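# Observations on the model geometry
The primary structure of each chain is shown beneath.
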Amino acid sequence: MTEDSTWPAGVRWAIRFGPLALAPVALFFLFEPRGTLTPVVWAVTLVGSALVVLGDRWPLAVSLAESGLLALAVVVSPASIGIAQLLAGLALGELAMRRPWLPRLACGTTAACAVGLFYLASQPGAEPVPTVLRVLIMVGFPVLVGRHLRSSRELAGRYRREGLDAARIRDAEVRAAREAERTSIARELHDLVAHHVSSIVLRVGVARHVPPDVDAYRAALDDVHATGSDALQDLRDLVSVLRAPGASDTALLGPDALDPALRQAVERCERAGFDVTGAITERGGGLDSVRRLAVLRIVQESLTNVMRHAPAGAAVEVDVRGTADHVEIGVSNDGAARPCAGGRPGHGLIGMAERVTVLGGTFSAGPTPTGWHVAARLPRAGSGAHR
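Residues numbered from 1 in each chain as written. Predicted model: local features only at pLDDT ≥ 70, side-chain atom pairs only at ≥ 80, totals over all residues. Heavy atoms only, no water.

## With respect to the overall build of the protein
Definition in use: Think of it this way: any DSSP run of H or I at least four residues long counts as a helix, any run of E at least two long counts as a strand, and we number them from the N terminus. Burial status follows relative accessibility: with a 1.4 Å probe on protein chains alone, a residue under 20% of its type maximum counts as buried, one over 50% as exposed, and anything between as partly exposed. Contact between two residues is taken to exist if any of their heavy atoms lie within 4.5 Å; hydrogens are not considered.
Helix and strand counts for the protein come out as 10 helices and five strands. For the protein, with 387 residues in total, the buried portion stands at 36%. For the protein, restricting intrachain contacts to residue pairs at least 6 apart in sequence, the fraction spanning at least 24 positions comes to 69%.

Written as structure tokens, this is what we have:
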């Protein structure tokens, strides 16, 4: 363990080199009579102060050396005992702060106790009980202070780590939320634009190849105008939802709007030249806004893929049926589908699968012996159905 790196450099240097400067000053100004300041006293003080500088790297070795200097002072230089005892306590406290109890702190504490007993036993008239109590105070106080500082530093470090972990988790959650929001917006824009634009492109393409007929052109232009107007309105609704805090998908599709929207999608596919049959029995009244929108988008995107990839005039079957627990969607068409660009699944299939997965349903799409089939099964909210 090293000094707290959050402390200013000047403070760390003062703590580390302070004893080296203060101990000689204390000897010079506090010792009386001056004759007691022998070379041995100066040597014990300066060596002990210099050892403190090394306590951050080798706390056990420094503590043992300080205890040894204290024992030496007891034998040869009684005048330096006070300074040596102070430096030994400081070294023992640093050892307690930087090292765990076993084995290093236990070793340093044992050595300090032995030297303390030796010092107190060498005093004239020393009694056993007071001697032991004084040793406990001389050794126990530095150890308790060191352990308290160690616990405080460990607690502060744990709080810092927990704070960093919490910040990383918060950042990850924010990134995930943003990614989910981007994916949702991209999916909604794709389904809106692709459905309407595909219908416009196909309708214009058909009109270009029919014999010149003012009524036919007018009908095609009216259809394109209506489809474009629907696209603009849907985009405005989407932008309103995105810009309004607390808004929901209800603004995009109300409780009574699912059935008309589904039939409008079917009619748009029919006007593009496809023979659409089937049954739409789910009205959406018992569905929440998210599921209503998912049903509509799956049907719209399936019909968009029909208009983009199925041969002209292909038969299409659309079924949207509700049960007590589920809504089942099926869209199939005859005729071999034209391959996707690059041979990869388009964004539409990915978007449909994402919508169904988020709601806990099942989704499948793929070729059949006669064409292509899309199937989705959505559980109703609160039904407790499993996939």
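## Some words on the pairing of strand 5 (residues 371-379)
Defined as follows: Any two strands are treated as partners once DSSP identifies two or more bridges connecting them.
Relative to strand 5, strand 3 (residues 326-334) is paired through nine bridges, and the arrangement is antiparallel. In the strand pairing of strand 5, glycine 330 is matched with alanine 375. Pairing analysis gives six bridges linking strand 4 (residues 362-367) to strand 5, with the strands arranged antiparallel. Paired with threonine 362 across the strands is arginine 377, a residue of strand 5. Counted along the chain from strand 4 to the antiparallel partner strand 5, the turn is three residues long.

## Quick look at the pairing of strand 1 (residues 275-280)
Our working definition: Seen with its strands pointing away from the viewer, a crossover is right-handed if its path from the first strand over the helix to the second goes clockwise.
Note: strand 1 against strand 2 (residues 315-322), six bridges, orientation parallel. Across the sheet, valine 276 pairs through a bridge with valine 316, a residue of strand 2. Regarding topology, helix 9 (residues 289-309) serves as the crossover connection from strand 1 to the parallel strand 2, and that connection is left-handed.

## Comments concerning the pattern of salt bridges
Filter applied, for reference: The term salt bridge refers to a pairing of a side-chain nitrogen on Lys or Arg with a carboxyl oxygen on Asp or Glu at a separation within 4 Å.
Across all of its chains, the model carries nine salt bridges by this definition. Close ionic contact of glutamate 94 with arginine 98 constitutes a salt bridge, the shortest N to O distance being 2.9 Å. One end of the pair, glutamate 94, and the other, arginine 98, are both in helix 4 (residues 81-98), four residues apart, so they sit about a helical turn from each other. For glutamate 94, a relative accessible area of 12% puts it in the buried group. For arginine 98, a relative accessible area of 3% gives the class buried.

## Observations regarding the packing of helix 8 (residues 258-271) against helix 9
This is how it is decided: Inter-axis angles, ranging from 0 to 180 degrees, are taken between N-to-C directions of lines fitted to C-alpha atoms, where helices are fitted over the stretch in contact. Here roughly perpendicular refers to angles of 65 to 115 degrees, roughly parallel to angles under 35, roughly antiparallel to angles over 145, and oblique to all remaining angles. Residues are grouped as follows: Ala, Val, Leu, Ile, Met, Phe, Trp, Tyr, Cys and Pro are nonpolar; Asp, Glu, Lys and Arg are charged; all remaining types, including Gly, are polar.
Running from N to C, helix 8 and helix 9 cross one another at 0 degrees; their axes reach a closest spacing of 10 Å. Our classification of the angle between helix 8 and helix 9 gives roughly parallel. In this structure, helix 8 contributes Leu258, Ala261, Leu262, Ala265, Val266, Arg268 and Cys269 to the contact, and helix 9 contributes Arg292, Val295, Leu296, Val299, Gln300, Leu303, Val306 and Met307. In terms of residue class, the contact of helix 8 with helix 9 is built from 12 nonpolar, one polar and two charged.

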